[in-house]
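Coordinate analysis (summary)
Chain residues, written in single-letter form:
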Amino acid sequence: MEQRDLMFALKERLQSGQDYYEIRLESIGGLGANLCGKMLGELGAKYLDLNSSSFSSYGSEKTGTPVKGFIRYCKKEKEIRVHSPVEHPHLLCIFHEALLQDSSLLDGCTGETTIVLNTSRTPQEIVDNYLQKEGSCVQAAAVYTIPAQQIAMETH
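Let me begin by describing the structure that accompanies this report. Keep in mind that this is a model prediction, so the values were computed, not measured.

What about the packing of aromatic side chains?
- This model, assessed by the stated rule, comprises 1 aromatic pair.
- Summarising the aromatic geometry, the rings of F55 and F70 are spaced 5.1 Å apart at their centres and angled 40 degrees between planes, so their arrangement reads as tilted. Here F70 lies in strand β3 (residues 66–75) and F55 lies in strand β2 (residues 50–58), a separation of 15 residues in the sequence.

Next up, the structure:
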């Protein structure tokens, strides 16, 4: 997904009268979800001229423990009064494929949810193996994959 497409979807949703554009980050401690959430919140306010709110939820501050990041955007003239976790994200970013073993990770996904996953697998493999498992069918507008860990290792 190109940055321009995501920005267009975000702005289009807010201009159509919707209250918020919500993002949920699912990660493992040490992969950068907490920092990523803070940066996305700040970037939305500074460069997209939006109001934003971001916070993370995590247990003990140890590498390897579950981390969730939540970001909300709204129009500049609207005040963000919702401070609860994002239950129905428009964008769900999953920082490690192993997290998909827990099917509750995908709870709240709708036909408006775009899923971005750090993996070397193709989007179709992810849909076949995790989103359309026997007995469950997770809805998503689109699924994108990126080998982020591989890119990080190659670029140091």
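Description of the pattern of salt bridges
- Tallying each qualifying case throughout the model produces 5 salt bridges.
- A salt bridge links E26 to K68; the nearest nitrogen and oxygen atoms lie 2.8 Å apart. Placement of the pair is E26 in strand β1 (residues 21–28) and K68 in strand β3, with a sequence separation of 42 residues.
- Judged by relative accessible area, which is 32%, K68 ranks as partly exposed.
- As a salt-bridge pair, R81 and E79 come within 3.7 Å of each other at their nearest N and O atoms.
- A single network of salt bridges, built from pairs that share partners, joins R24, E26 and K68.

The rules behind each value
Numbering of residues starts from 1 in every chain and runs along the sequence as written. Reporting in this predicted model follows two pLDDT cut-offs: at least 70 for local features of residues, and 80 or more for side-chain atom pairs to be given and counted; totals over whole chains, interfaces and linings ignore these cut-offs and use all residues. Values shown for side chains rest on all heavy atoms present in the structure; no hydrogens or waters enter the calculation. Stacked, edge-to-face and tilted are the three classes for Phe, Tyr and Trp ring pairs, Trp counted by its six-membered ring, which pair at centre distances within 6.5 Å; planes under 30 degrees apart are stacked, over 60 edge-to-face, the rest tilted. Helix and strand definitions here come from DSSP, where helices need a minimum of 4 consecutive H or I residues and strands a minimum of 2 consecutive E residues; each element is numbered from the N-terminal end. Any carboxyl oxygen of Asp or Glu within 4 Å of a side-chain nitrogen of Lys or Arg constitutes a salt bridge here. Each residue is assigned to one of three classes by its accessible area relative to the maximum for its type, calculated with a 1.4 Å probe on protein chains only: buried under 20%, partly exposed between the two thresholds, exposed over 50%.

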